[in-house]
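What the coordinates show
Okay, here's what each chain looks like letter by letter:
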Amino acid sequence: MLALDGPSGAGKGTIGQICAVKFGWHYLDSGAIYRGLGWLAGNQGVSFDNVSSLVVLADSMNLTCHVCETDSAKIEINGHMVTDELRTDEAGQTASRIAPIPEVRAALLNMQRRCRIAPGLVADGRDMGTIVFPDALYKVFLTASAEIRAQRRFDQLKAKGFDVNLARLLESIQARDVRDSNRDASPLKPAEDALILDTSELTIDEVVTRILALVN
Ligand code: C5P
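Remarks on the overall build of the chain
Each helix and strand counted, the chain has 10 helices and eight strands in total. Its C-alpha atoms give the chain a radius of gyration of 16 Å, within 12% of the compact-globule value 17 Å for 216 residues. In terms of overall dimensions, the chain has C-alpha extents of about 45 × 40 × 35 Å along its principal axes. Residues counted as buried form 52% of the 216 residues belonging to the chain.

Some points on the site of the ligand
Around the ligand, 15 residues are found, and the nearest of them are R35, R105, R176, D180 and R183. Between S30 and the ligand, the recorded distance is 2.9 Å, taken from a side-chain N or O atom to a nitrogen atom. Protein contacts shield 98% of the accessible area of the ligand, which totals 450 Å² for the unbound molecule. Within the residue set of the shell around the ligand, elements represented by two or more residues are α2 (30-43), α5 (89-98) and α9 (166-182). Tallying contributions element by element places α2 first for the shell around the ligand, with four residues. Its residues assigned to classes, the shell around the ligand shows four nonpolar, four polar and seven charged.

A look at the sheet that holds strand β5 (residues 80-81)
Strand order across the open sheet formed by three strands is β3-β4-β5, with antiparallel pairing between neighbours. The outermost strands of the open sheet, each flanked by one partner alone, are β3 (63-66) and β5. Against the sheet, α2 contacts β3 and β4 (74-77), and its axis sits at roughly 45° relative to β4.

What to know about the packing of helix α8 (residues 146-159) against α9
For any two helices packed against each other, one specifies the crossing angle of their axes together with the interaxial distance. One can describe the packing of α8 onto α9 by two numbers: an axis separation of 9 Å at closest approach and a directional angle of 120°. By the angle between their directions, the pair α8 and α9 is classed as oblique. In this structure, α8 meets α9 at a crossing whose hand is right-handed. Residues A146, E147, R149, A150, Q151, R153, F154 and L157 of α8 pack against L166, L169, L170, I173, Q174, R176 and D177 of α9. Split into classes, the residues belonging to the contact of α8 with α9 amount to eight nonpolar, two polar and five charged.

A look at the sheet that holds strand β6 (residues 121-125)
Strand order in this open sheet of five strands is β2-β6-β1-β7-β8, and the pairing throughout is parallel. Because the sheet does not close on itself, it has two edges, and the strands there are β2 (26-29) and β8 (195-198). Taking each pair of neighbouring strands and ignoring which way they run, the sheet shows an average axis angle of 20°. Bridging between strand β1 (residues 2-5) and β6 involves four bridges; their strand directions are parallel. If you follow L4 over to β6, its bridge partner there is D124. Set on the sheet, α2 makes contact with β2 and β6; between it and β2 the angle comes to about 45°. Its contacts with the sheet put helix α10 (residues 204-215) on β1, β7 (138-143) and β8, and the angle it makes with β7 is roughly 160°.

Some thoughts on the nonpolar core
Ranked by size, the top nonpolar core spans 56 residues in total, and within it L2, M61, I75, L108, V122, F133 and I211 carry the most contacts. The leading source of residues in this core is α2, at six residues. Apart from the residues within four sequence positions on either side, L2 is in contact with C19, F23, W25, L121, V122, A123, Y138, K139, V140 and I211.

Some thoughts on the pattern of salt bridges
For the coordinates displayed, the defined rule picks out seven salt bridges. When the shortest N-O distance is used, the salt bridge between R87 and D29 registers 2.8 Å. Here D29 lies in strand β2 and R87 lies in helix α4 (residues 83-87), a separation of 58 residues in the sequence. For R87, a relative accessible area of 15% translates into the label buried. Using a relative accessible area of 7% as the deciding quantity, one classes D29 as buried. The residue D180 makes a salt bridge to R126 at a minimum N-O spacing of 3.3 Å. Of the two residues, D180 is situated in helix α9 and R126 in the loop between β6 and α7 (128-132); the sequence distance between them amounts to 54 residues. Salt bridges linked by common partners bring R126, D180 and R183 together as one network.

Rules used throughout
- Residues numbered from 1 in each chain as written.
- Predicted model: local features only at pLDDT ≥ 70, side-chain atom pairs only at ≥ 80, totals over all residues.
- Heavy atoms only, no water.
- Helix = DSSP H or I, 4+ residues; strand = E, 2+ residues; numbered from the N terminus.
- Rg over C-alpha atoms; globule rule 2.2 N^0.38 Å.
- Buried < 20%, exposed > 50% of the residue type's maximum accessible area, 1.4 Å probe, protein only.
- Near = heavy atom within 4 Å.
- Polar contact = N/O pair within 3.5 Å; in protein donor to acceptor, adjacent residues only side chain to side chain.
- Areas by Shrake-Rupley, 256 points an atom, 1.4 Å probe, with all protein chains shown as cover.
- Nonpolar A, V, L, I, M, F, W, Y, C, P; charged D, E, K, R; others polar.
- Pairing = 2+ DSSP bridges.
- Contact = heavy atoms within 4.5 Å.
- Axes fitted to C-alpha atoms, helices over the stretch in contact; angles between N-to-C directions.
- Parallel < 35°, antiparallel > 145°, perpendicular 65-115°, else oblique.
- Left-handed = near helix turned anticlockwise from the far one by under 90°.
- Core = buried A, V, L, I, M, F, W, Y, C linked by side-chain atoms within 4.5 Å.
- Salt bridge = Lys/Arg side-chain N within 4 Å of Asp/Glu carboxyl O.

That's the geometry; what it means functionally is another story.
Spelled out as structure tokens, the structure:
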């Protein structure tokens, strides 16, 4: 099992899926779970103050993550393909507003742990190596400067036809870093036994090669 954590735009989705395909393992995009719950809540008019209804929604959410080696994972929720809806910057912001709620995190824990099935799992998120899978054999924390992460997100969203602004994306990434790192419940931080990889100056192939070296 490989736990792959790090801030938004560090390359976890791309790298995680490539590694999952190379190892022949399953892949979990845990960010999609928080994005998906935010999307469901928005659709059903559930306010983020209404914690008990959020927990009911979390319990009823059936999310499948289809690996796509050349793009973001394709996400299906309760039978609907919602990849594009979940990939927007707004969906990421919404996710990071419900993610600090401890009851929500607790409700989503088993769903994530159930993904750990043979022959193996690559799980990407913020707390994979610290809280969800603390006994993962391999732990990597990917990071990069906020400017580089914003540029990557910009390129990714632009290529998909979204109307994006680099300065606003940088602001949004920095706001999300602060929220994700400073919350009490499962804050974004490397596990003590994680390999920390700054990907600012590395290509995707170079990052994958380093992870393969660790796992092999
Ligand atoms: O990784 P992604 O950008 O899709 O995550 C969206 C948001 O979901 C993050 O900013 C974070 O607030 C939350 N998240 C989390 N724990 C995870 C994965 C994501 O709190 N394991």
